[in-house]
Every structure is written in C-alpha cells, then in structure tokens.
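Notes for the structure review
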Amino acid sequence: KNFVKMMKLQTFAGISLIAALAIVHHAFSTRGQFYPAMVYLSTSKISLVLLLNMGLVIMCVLWKLIKKVFLGSLREAEVERLNEQSWREVMEILFAITIFRQDFSVTFLAMVTTLLLIKALHWLAQKRVEYIETTPAVPKLSHFRIVSFMGFLMVIDSLFLYNSVKFLVETKQASVALFFAFEYMILATTTISTFVKYIFYVSDMLMEGQWEKKAVYTFYLELIRDLLHLTMYMCFFLVIFVNYGVPLHLIRELYETFRNFRVRIADYIRYRKITSNMNERFPDATPEELNANDATCIICREEMTVAKKLICGHLFHVHCLRSWLERQNTCPTCRALVVPPENSAPSSSARAENNQQGASSSGTSSQGLSGAAVNNNISHHQARLQAAVAAASIYEKSFVYPSPNTLL
Ligand SMILES: [Zn+2]
Ligand SMILES: [Zn+2]
C-alpha cells in the first residue's frame, strides 16, 4: 500500500514538473523576451496554478528527503502522531488565516505550508527522542542522526524567527509576521528543551543509569519550558486580541498548556514521594527469590545480582526501577500499582475477606493475601484485578465497578 502511495506521488510529481516546464516553455516561445514572459507567468491564472502546484511538490519532496536523511523509515507511533496532530494543526491554521485575512496572499499560503511541514518535523523529532530514551541499546548512528536533526531544526527555527522579527521591526505594525514569529519562537524553545532533555538522557546513560537527580532536572526543565510557553501564549493572545479580536485558534493550546502544567506537577509530586525512600519502601530480594525467579531485569534485560522487590513480587534493578517510575507508577511486568493507595478501604476489606475464604476453604492463607504484602505466587491475573480495584478506590468511583469482592 505504501508502495502504491509512493508511486502515485512520483507520478504526480512527474506530471507537475512536465506541466510547469511546459508553461514556462510556452511563455518564452510565445512572448519571445524575458520580461514579457515573466509578466505572463505571474499574471496568467493557469500558469500561477501550475507553478504553485510545482512549488508544493518541491516542498513535499524536500520534506521527504529531510525525513529520509535524519530519521529513515518512521515507526508506527510516529506515523500515528503525524496523522492525528496534522489535522488539528490544519484546523488551527485555518482559524489563524481567518484572523489575518487582510494579509492573505500567495506568499502567506506558502509560508503557512512551510510552517506546517516544519512543525511536522518537530513532532517527529520529539517522538524519535522519546523512542531513543525508552529503548535500550540504540545504535550510535541513531544518536548521531537525532543530534544532527535537532541541530538542523534549530537552524531552521532561528532563521524563520529572525526573518519574522526583522520584518516586524522594519514595518512597525501588526501583521501576519506576528503569527510566524510566535510560532517559530514556540518551535525553537521546544527544540532546545527536547535537546537538553536528550542531553540529560545521555548523561544518565554514561553514568550507567545511576544519575539520581535526572528526574529532578527533567522536571525543572519541563516546568521552565511550560512556563515560557504559557507566557508566550498569553502575550500573543493579548497582542492579537488588541489588534484583531479573539484568537480562537489559540484557545485549545492555551488550555492544554495549562493542563500539562498541572499534570506535570502532580506527576512530579507522586514520583518524589515514591522514590524519596526507595530503599526502605521496597525490600531487597533475597538470594532465594533471585534464584527462584528468572533473574533477568525486564526493564534492561540484564541479569540481576541484587534487586528490589515490588509488592506484587516482581524484581528489578534499583536504578531501572527508578527510571521506570519517572514515567509510570505501575509494575512493568504486571501493571499492579507500585504503591497501594493510602485511602484503600475497599481493597483492604476485600483482602481481609479473601484471607478468610482462603483459610476456610483450604485451611491455609496461601491463596489469599497476607497483610499488606502480596503473596509471591499470586498470578498475573489476580495482580491485575487487584490493581484495578486499587485504581478504582483511588478515584473513589468503585461504585461504578462490580464490588471488589466479586472481582478478587
Ligand atoms: Zn535492570
Ligand atoms: Zn509486578
């Protein structure tokens, strides 16, 4: 299917090129001289359409080339992000066009298309960095490519930002250049923060995952970036509001920046709480436990000689666990919550009852859960159900679900 798509694009590009060459040839052969030919090319409707189309094709080919050089073939998650984000972005740009409709021109359209393509490259860069950060043993070439890609994006962002600001300073009046200056400012700061985050990741890797302060620095980095973006959005919002009216296209972004901000702070507090006393919170695995289980850490796929045990009984390297907890608060193997919620009335009563049932039916409590610690032999299925109950109790919505007793 991809192949068919590519063939179609190639055919389309070929036809566009032939059409553009034909119209140029026609202009020169009928007008004879350079100047009249140029006048014809820039005024005739059909030649304008053909040349615009050619410009679009050139941009697309260039975009594909850049993608090929820096990223190679895209991962599924990256294609997904591209698809879902490009539609939202097109909608927002349409809104932006309605605001700046006085400035509407062919140049504006070309600039908007360029912006869209550059933005798409930024999403891909972010996704690729995310992928590299979560994948063990990435080849050196990938690192080299992503670093040069981020450098390339930085140069592009600065160039466009510089030109927009220069234009604004020269004309000294509100125009669509405001919009571009703002967009490229956001893109530039995003590129910088992605790059710094990547540097953090590499430093942590060089310290063999032992850099405990990484999460703290990452948090502050993202906090600063979000604050900066929030300020920029509000400034831009005000400027547009004063000069043009309500900037509809910004409302979603503004809201999302606010929401990200809140989520980030909540995540950070949770992470700090879990990792502040990791050594006391999670017991060391005993040599027997290490021998009994397959002693491979599922996070890094390497053998464990010392390990920490979660309440679900799964074992991990302490540093692997820490970097995992930066992103998740569930067990990587079975998805059970790493820390049982404090306000866990439903699940603790369920545990007590389960204990009684276990005692009455088989005479031992090995099937039930003894105290707060979960039995080592608990099946994944049971652990998952337990996690579901725990999650339900966190959100205090357990009445929505069947009662915990029927689950366990
Ligand atoms: Zn590990
Ligand atoms: Zn587990």
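Residues numbered from 1 in each chain as written. Chains lettered and ligands numbered in written order. Predicted model: local features only at pLDDT ≥ 70, side-chain atom pairs only at ≥ 80, totals over all residues. Heavy atoms only, no water.

As recorded in an unreviewed UniProt entry, the protein goes by RING-type E3 ubiquitin transferase and comes from Genlisea aurea. Per its UniProt entry, the protein bears the Catalytic activity (unreviewed entry) comment "S-ubiquitinyl-[E2 ubiquitin-conjugating enzyme]-L-cysteine + [acceptor protein]-L-lysine = [E2 ubiquitin-conjugating enzyme]-L-cysteine + N(6)-ubiquitinyl-[acceptor protein]-L-lysine." Heading Pathway (unreviewed entry) of the UniProt record for the protein holds this comment: "Protein modification; protein ubiquitination." (UniProt positions renumbered as here; feature names shortened; annotations may be inferred.)

Considerations on the overall build of the protein
Each helix and strand in the protein was counted, giving 15 helices and two strands. Each of the 408 residues in the protein was classed as buried or not, and the buried ones make up 39%. For the protein, the share of sequence-separated contacts (at least 6 apart) that also reach a separation of at least 24 residues comes to 63%. Accessible area for the protein stands at about 23900 Å²; split by element, carbon and sulfur atoms hold 64% of it. (Helix = DSSP H or I, 4+ residues; strand = E, 2+ residues; numbered from the N terminus. Buried < 20%, exposed > 50% of the residue type's maximum accessible area, 1.4 Å probe, protein only. Contact = heavy atoms within 4.5 Å. Areas by Shrake-Rupley, 256 points an atom, 1.4 Å probe, with all protein chains shown as cover.)

Section: the UniProt feature "domain: RING-type" (unreviewed entry) in the protein
Following the UniProt record, the feature "domain: RING-type" (unreviewed entry) maps to residues 297–335 here. Structurally, residues 297–335 is divided into 21% helix and 10% strand, and its ends, taken at the C-alpha atoms, are 15 Å apart.

Re the coordination of the zinc ion (ligand 2)
Surrounding the zinc ion (ligand 2) are the protein donor atoms C312 (SG), H314 (ND1), C331 (SG) and C334 (SG), which sit 1.8 to 2.4 Å from the metal. Mapping the donors of the zinc ion (ligand 2) onto the primary sequence gives the spacing C-x1-H-x16-C-x2-C. In this pair, H314 sits in the loop between β1 (308–309) and β2 (315–316) while C331 sits in the loop between α12 (318–325) and α13 (345–362), placing the two residues 17 residues apart along the sequence. Both residues of the pair, H314 and C331, belong to the buried class. (Donors = N, O, S within 2.8 Å, 3.2 Å for Na, K, Ca; no water.)

Things to note about the side chain of K309
Tracing the sequence through the fold places K309 in strand β1. Engagement of the side chain of K309 in a polar contact is seen with the side chain of E289, the distance being 2.8 Å. (Polar contact = N/O pair within 3.5 Å; in protein donor to acceptor, adjacent residues only side chain to side chain.)

What to know about the environment of H229
Within the element layout of this structure, H229 appears in helix α8 (residues 214–243). Residue classification places H229 among the buried residues on the basis of a relative accessible area of 9%. Once you skip the residues sitting within four places of it in the chain, H229 turns out to touch I186, T189, T190 and T257. Separated by 2.8 Å, the side chains of H229 and T189 make a polar contact.

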